[in-house]
Each structure stands twice: as structure tokens, then as C-alpha cells.
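Structural overview for review
Residue-level listing of the chains:
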Amino acid sequence: MPRDVRQRCRTYLSGVAALALAAAAALAAAPSATAAATADTWTEAGSDRADPLTESQGLASVEVPANSPNRYTGIGTVPLSLSTRGWNHVGDPDASYDGHYIEPYQRDDGGAKMYRVQAPDGTWSEYVHTLDAGEALNNSWAAVSPDGQWMLSGEWGTMDRLLVFPTPGVNPATSPSADLPQAATVRLDRPVRDVQGCDFVTATRLLCSSDDPAGTLFGVTKPLLQVDLSAAPTGAADVTGRVTALRQLPLRSGCSGSFEAEGIDYDRRTGTLRVIVVSPGFCVLTDSKTYRFTRG
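Every chain's residues receive numbers from 1 upward, in the order its sequence appears when written. Since the coordinates come from a predicted model, pLDDT governs what is reported: local features require at least 70, and pairs of side-chain atoms require 80 or more to be given and counted, while whole-chain, interface and lining totals use all residues. Excluding hydrogens and water, the side-chain values take into account all heavy atoms of the structure.

Things to note about the state of the cysteines
The disulfide definition used here is simple: a pair of cysteine sulfur atoms within 2.5 Å. Applying the stated rule across the entire model yields two disulfides. A sulfur-sulfur separation of 2.0 Å characterises the disulfide bridge that pairs Cys-198 with Cys-208. Taking the sign of the torsion about the S-S bond as the criterion, the disulfide between Cys-198 and Cys-208, at about 110°, is right-handed. Of this pair, Cys-198 sits in strand 13 (residues 195-202) while Cys-208 sits in strand 14 (residues 205-210), and the two are 10 residues apart along the sequence. Here the two residues Cys-198 and Cys-208 agree in accessibility, since each one is buried. The residue that forms a disulfide with Cys-255 is Cys-283, at a sulfur-sulfur distance of 2.0 Å. One quick way to see it: the torsion about the S-S bond of Cys-255 and Cys-283 is about 70°, and its sign makes the bridge right-handed. Of this pair, Cys-255 sits in the loop between strand 16 (239-248) and strand 17 (260-267) while Cys-283 sits in the loop between strand 18 (272-278) and strand 19 (289-295), and the two are 28 residues apart along the sequence. In DSSP terms, a helix is any run of H or I states spanning at least four residues, a strand is any run of E spanning at least two, and both are numbered starting from the N terminus. To sort residues, take the accessible area from a 1.4 Å probe on protein chains only and compare it with the maximum for the residue type: under 20% means buried, over 50% means exposed, and anything in between is partly exposed.

Spelled out as C-alpha cells, the structure:
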């Protein structure tokens, strides 16, 4: 082999080796991103009866004050002072880690949603969001980010986004006397349908309960969904969300018919996930359940 050919071969092989080392380094750095997109497994660990009047819409674990009981919402928890003003539906609530408890409300008319906030000292305040162009009226749920500064909310129907707001009562940019503006959007990589609740598990991962009755999006009705965000929401820019269906929620009752998946809660203190599933027909009164799940 001529000398110049051998030299070119050495140069080529050196380049291949360098590329191989670079690829190996990239693969070594990849597990964090791969792990973030890995689906968790949630195993049913028990259930409790869900009262159809006071525990049929949503639930939240509250960390502050210490030893606070779990909170629930239903048609029977809507205060008369709100229903007489048209706020007749409450969705799935959430609470920041510092103890601000937030309930999402909607009304049948008008162009606004409302978030009712209870501060750790027990005082209540109301934050109204005027609907943006094309925004759906319903207000099914609220999910507060682990840093407390940002709140996600969703729309009914088949949607490819989640909405990001500054957390009312926590984020200093909010005030009961000013409109609560949408700050950013979570752009989902695939559509979701009839999401009834979401809760943060980490700064970049949510679990959501879907009341999807058709099962055409993920091959299963009433799925438990995992949404992995490209970054923690900050309100400064949109982020993307990768959606994975983890499992079908339990659908067991003494009655046949259509179940309704409702709110969801993740308690980081115990690692327990809870989801409300309302039974069909008359059994809504007897065997609607809050199901408990543990990871693994």
C-alpha cells in the first residue's frame, strides 16, 4: 500500500474513533433525558367510598398547616354565595406546598373562569380569568407547580394544549383586583380528551385523569395519563409535553353503564396517587370510589 494511502487510512480511522468516542459520551449523558420520558407503573393499592355530593369532582392533599385533612370538592361543596352569582361548578382543586388551596370554578354563561384561593391563615379570595380568544369555558382542574409560582389548567374536549397561569395568591404578579392572565402554554405532542384533573409528581412530570369515553386516542377508555414536560413551566415561554397512557382507571360497580373519571391527587409525602371514579346509574350513590395507587 502506498505511503500516502496509508496516511489517509490512518486519518480516516482516527476520525472514526473520535466520532465513536463522541457518540459514547453522548449516550452516557442521555440517561437523564431518557429517564425523564420513562413511563411509571402505578399499582392499585386500595379504595375508599366517594360521597356523590361532596367528593365527586376532585381532591387535594394539603401540607400546610401541618396535619391538614385531605380536601374534596363536589356539587355539595359549592358555597351558596358563589352559586347565586353563577359559579355553579367546581372542579379538581390543588394546593401549593406552602398551603395555598385553590378551587377552579366555572359558570354556564359569561366569558370568564374563577379560581377561589384559601391562604394558610384561612382567608379566601377570588381570582377571575377573562377567557382568551378560542379558549373553552370549562374549568375542570388546577395543578400548582412544585415551586408554587405557576398553575396549569385545562379545557374540556379534545385538546392539544394545557394552559399556564401565574399561581393566584402565590405568584406576586397576581391580585384579586386584576384579571388573571394566561402566561404560557404546554404544547402536547398528541391530543388528550376530557381531562378531569392533573397533578405534578415532579417539576417536569404530571399525572392526569382522562374521562375519555371513546378510547380512540390511546386504545383505552378512561386512561391515567403521564405528561412529561420539556422544562419546568416558568410563564416566560411555552413548553412541550410528551403524553403517555399508563393504564385504564378501575371501572368496577354493581351497576352497568358509563363511569366518570374525576379528579386526581399525588401526595409527595407518602408517594400515594388517588383518583376519583364515579359509578354509573343508581350506584353513583353506593359504590363510587377514590382509588389509591402506589408506584411500582
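Structural notes on the packing of aromatic side chains
Two rings from Phe, Tyr or Trp (for Trp, the six-membered ring) form a pair when their centres sit within 6.5 Å of each other. Planes less than 30 degrees apart are called stacked, planes more than 60 degrees apart edge-to-face, and all others tilted. The full count for this structure, using the stated rule, is three aromatic pairs. Both rings, one in Trp-42 and one in Tyr-266, keep their centres 6.0 Å apart while their planes meet at 80°; by these two values the pair is edge-to-face. Taken together, the residues Trp-42 in strand 1 (residues 42-49) and Tyr-266 in strand 17 connect sequence positions 224 residues apart. This pair shows no difference in class: Trp-42 is buried, exactly as Tyr-266 is.

Looking at the side chain of Glu-103
With respect to the element layout, Glu-103 can be found in strand 6 (residues 101-106). A distance of 2.9 Å separates a polar atom in the side chain of Glu-103 from a polar atom in the side chain of Tyr-105. Any pair of residues with heavy atoms lying within 4.5 Å of one another is described as a contacting pair. What Glu-103 contacts, discounting residues up to four positions off in sequence, is Thr-73, Val-90, Pro-93, Met-114, Tyr-115, Arg-116 and Trp-124. Nitrogen and oxygen atoms within 3.5 Å of one another constitute a polar contact, given that in protein one can donate a hydrogen and the other can accept it, and given that sequence-neighbouring residues count only through two side-chain atoms.

A closer look at the pairing of strand 15 (residues 223-229)
With respect to burial, strand 15 is a largely interior element, seven of its seven residues being buried. In strand 15, alternate side chains face the same way, and those of Pro-223, Leu-225, Val-227 and Leu-229 on one face and Leu-224, Gln-226 and Asp-228 on the other are all buried. Note on pairing: two strands pair once DSSP finds at least 2 bridges between them. Pairing analysis gives five bridges linking strand 14 to strand 15, with the strands arranged antiparallel. When the sheet's bridge partners are listed, Arg-205 is paired in strand 15 with Asp-228. Direction of pairing for strand 15 relative to strand 16: antiparallel, over a ladder of seven bridges. Bridging from a neighbouring strand, Leu-224 pairs with Arg-247 of strand 16.

A word on the sheet that holds strand 12 (residues 184-193)
Judged by pairing direction, the sheet is mixed, and its eight strands sit side by side in the order 9-10-11-12-16-15-14-13 without closing on themselves. Of all the strands in the sheet, the pair left with one neighbour each is strand 9 (142-144) and strand 13. For this sheet the average axis-to-axis angle between neighbouring strands, irrespective of direction, equals 25°. Looking at chain direction, strand 10 (residues 150-153) and strand 11 (residues 158-166) are connected through four bridges and run antiparallel. Paired with Met-151 across the bridge in strand 11 is Phe-165. For every element, the axis is a line fit to its C-alpha atoms; helices are fit only across the contacting stretch, and the angle between N-to-C directions ranges from 0 to 180 degrees.

Side note on the confidence of the model for the protein chain
Residue-level confidence of the predictor is what pLDDT reports, using numbers from 0 through 100. Model confidence for the protein chain is summarised by a mean pLDDT of 90, while 88% of its residues fall at 70 or above. A low-confidence stretch, residues 1-36 (pLDDT under 50), is modelled with five contacts involving residues beyond four sequence positions or located in other chains.

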